[in-house]
Amino acid sequence: MAASGRPEHQAPPEIFYNETEASKYTSNSRMIEVQQKLSERALELLALPPDVPCYILDIGCGSGLSGEVLTENDHVWVGLDISPSMLAVAVEREIEGDLILGDMGCGLPFRPGTFDAVVSISALQWLCNADKKYHSPAKRMLVFFRTLYAIMTRGARAVFQLYPENSEQLELLTQQAMKSGFTGGLVIDYPNSTKAKKIFLCLFCGGSSQILPQGLGTEDSNTDVVQKAGRRERFRKSVKSSRDWVLEKKERRRRQGKETRPDTQYTGRKRRGHHF
């Protein structure tokens, strides 16, 4: 991707992700599929205890696509995002997580030890930009990672999927994370593939020493590749339309005894003029 085409080079995130851009996340099936696959992989890297619901923070939650994956795996989550338009789409989709409007570079407004895990899809690279004159990327990263460390339970993991512009950004992000108390490092899936390569920053928050997960498509993980690829293909085929997804989720809420809006001919349609 050319530097000039990167979203973070065009405008600050709260401006770039306006109502038009936010609507793409409910109308572009390819974008939905990519976000969901990345979220599934991030959840794998979190290595949470099986069949145990966890309390998870989703940083840069956007319209709730990654949160949908957390919900489908029976976790409870809170989403933080800087874009009011993206959060408005999440509200319209009636996602099941709580939503907070905020800038991660200003720190995370939660009590110490709140979360069992943290996940973030395609958001962390925005911290590398100075969108305002008083912004210092290094200082904003340090504020972010220090508050992140504080709000996680000891032994918890945070997994960030990101699109760094260069190795210097990766180095600075990792350096500031380690300075804040984290251990861990980078997990790179399919490092020798231009199209399939994906980068994850996997951080451990204290507790007993943990081993960094193995990236997919590396020599030591070949035995896992076929199995994981097959599971992802099944997941890809299960991607539903916006209306199907909303109807299924509403039915699940009714089974749980939660208050749910009645179904109408407009269920799942994009609504205009809605502001968060």
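Residues numbered from 1 in each chain as written. Predicted model: local features only at pLDDT ≥ 70, side-chain atom pairs only at ≥ 80, totals over all residues. Heavy atoms only, no water.

If you look the protein chain up in an unreviewed UniProt entry, it shows as 18S rRNA (guanine-N(7))-methyltransferase from Biomphalaria glabrata. Heading Catalytic activity (unreviewed entry) of the UniProt record for the protein chain holds this comment: "a guanosine in 18S rRNA + S-adenosyl-L-methionine = an N(7)-methylguanosine in 18S rRNA + S-adenosyl-L-homocysteine". If you open the UniProt record of the protein chain and go to Sequence similarities (unreviewed entry), you find "Belongs to the class I-like SAM-binding methyltransferase superfamily. BUD23/WBSCR22 family." (UniProt positions renumbered as here; feature names shortened; annotations may be inferred.)

It is worth spelling out the overall build of the protein chain at this point. Check the secondary structure of the protein chain and you find nine helices and seven strands. Residues classed as buried in the protein chain amount to 46% of the 276 residues present. (Helix = DSSP H or I, 4+ residues; strand = E, 2+ residues; numbered from the N terminus. Buried < 20%, exposed > 50% of the residue type's maximum accessible area, 1.4 Å probe, protein only.)

Turning our attention to the packing of helix 6 (residues 137-151) against helix 7 (residues 167-179). With their axes 9 Å apart at the nearest point, helix 6 and helix 7 run at an angle of 45 degrees to one another. In terms of orientation, helix 6 lies oblique with respect to helix 7. The handedness of the crossing between helix 6 and helix 7 comes out as right-handed. Residues Ala138, Met141, Leu142 and Phe145 of helix 6 form the contact with helix 7, whose participating residues are Leu172, Leu173, Gln176, Ala177 and Lys179. (Axes fitted to C-alpha atoms, helices over the stretch in contact; angles between N-to-C directions. Parallel < 35°, antiparallel > 145°, perpendicular 65-115°, else oblique. Left-handed = near helix turned anticlockwise from the far one by under 90°. Contact = heavy atoms within 4.5 Å.)

The next thing to look at is unusual backbone geometry. The backbone of Ala47 shows a phi angle near 50 degrees, a positive value even though the residue is not glycine. Within the secondary structure, Ala47 is located in the loop between helix 3 (29-46) and strand 1 (55-59). Classification of Ala47 by relative accessible area gives partly exposed; the value is 48%. Backbone geometry places Asp74, a non-glycine residue, at a positive phi of 65 degrees. Mapped onto the secondary structure, Asp74 falls in the loop between helix 4 (65-72) and strand 2 (76-81).

A word on helix 5 (residues 84-92). Since one α-helical turn is 3.6 residues long, residues separated by three or four positions face the same way. Every buried residue belonging to helix 5 is among Met86, Leu87, Ala88, Val89, Ala90 and Glu92, and all of these are buried. Downstream of helix 5 by one or two residues, Glu94 has phi in the positive range, about 55 degrees.

The next thing to look at is the nonpolar core. Grouped together as the largest cluster of nonpolar side chains are 32 residues, with contacts concentrated most on Leu108, Phe144, Phe145, Leu148 and Phe160. At the level of elements, strand 1, strand 2, strand 4 (115-121), helix 6, strand 5 (152-162), helix 7 and strand 7 (198-205) are the ones that each hand at least two residues to this core. Leaving out residues up to four positions away in the same chain, Phe145 has contacts with Leu124, Phe160, Leu173, Gln176, Ala177, Ser180, Phe182, Leu201 and Leu203. If you look at the next biggest cluster of nonpolar residues, it comprises 23 residues, including Leu87, Ile95, Val187 and Cys202. (Core = buried A, V, L, I, M, F, W, Y, C linked by side-chain atoms within 4.5 Å.)

It is worth spelling out the packing of helix 3 against helix 4 at this point. Axis separation between helix 3 and helix 4 bottoms out at 8 Å; the angle between their running directions is 50 degrees. Taken together, the axes of helix 3 and helix 4 lie oblique to each other. You can see that helix 3 and helix 4 cross each other, and the crossing is right-handed. Between helix 3 and helix 4, the contacting residues are Ile32, Gln35, Gln36, Ser39, Glu40 and Leu43 on the first element and Leu65, Ser66, Glu68, Val69 and Leu70 on the second. Looking at the contact of helix 3 with helix 4 residue by residue, the class counts come to five nonpolar, four polar and two charged. (Nonpolar A, V, L, I, M, F, W, Y, C, P; charged D, E, K, R; others polar.)

All right, on to the sheet that holds strand 1 then. Strand order in this open sheet of seven strands is 3-2-1-4-5-7-6, and the pairing throughout is mixed. Taken across any chain shown, the strands that pair with only one partner, and hence form the sheet edges, are strand 3 (98-101) and strand 6 (183-189). Between one strand axis and the next, the sheet turns by 20 degrees as a mean value, whatever way the strands run. Direction of pairing for strand 2 relative to strand 3: parallel, over a ladder of four bridges. Following the sheet pairing, Val78 is matched in strand 3 by Asp98. Here helix 5 sits on the sheet and contacts strand 2 and strand 3; the angle it forms with strand 3, its principal contact strand, is near 165 degrees. (Pairing = 2+ DSSP bridges.)

For Met152, the location among the structural elements is in strand 5. Sequence separation between Met152 and Arg111 is 41 residues; the distance between their C-alpha atoms is 9.0 Å.

What follows concerns the pairing of strand 4. Most of strand 4 sits inside the fold, with six of its seven residues counted as buried. Bridging between strand 1 and strand 4 involves three bridges; their strand directions are parallel. Considered in strand 4, the bridge of Ile56 is made with Ala117. Bridge count for strand 4 against strand 5 is six bridges, and the pairing is parallel. Considered in strand 5, the bridge of Ala117 is made with Arg157.

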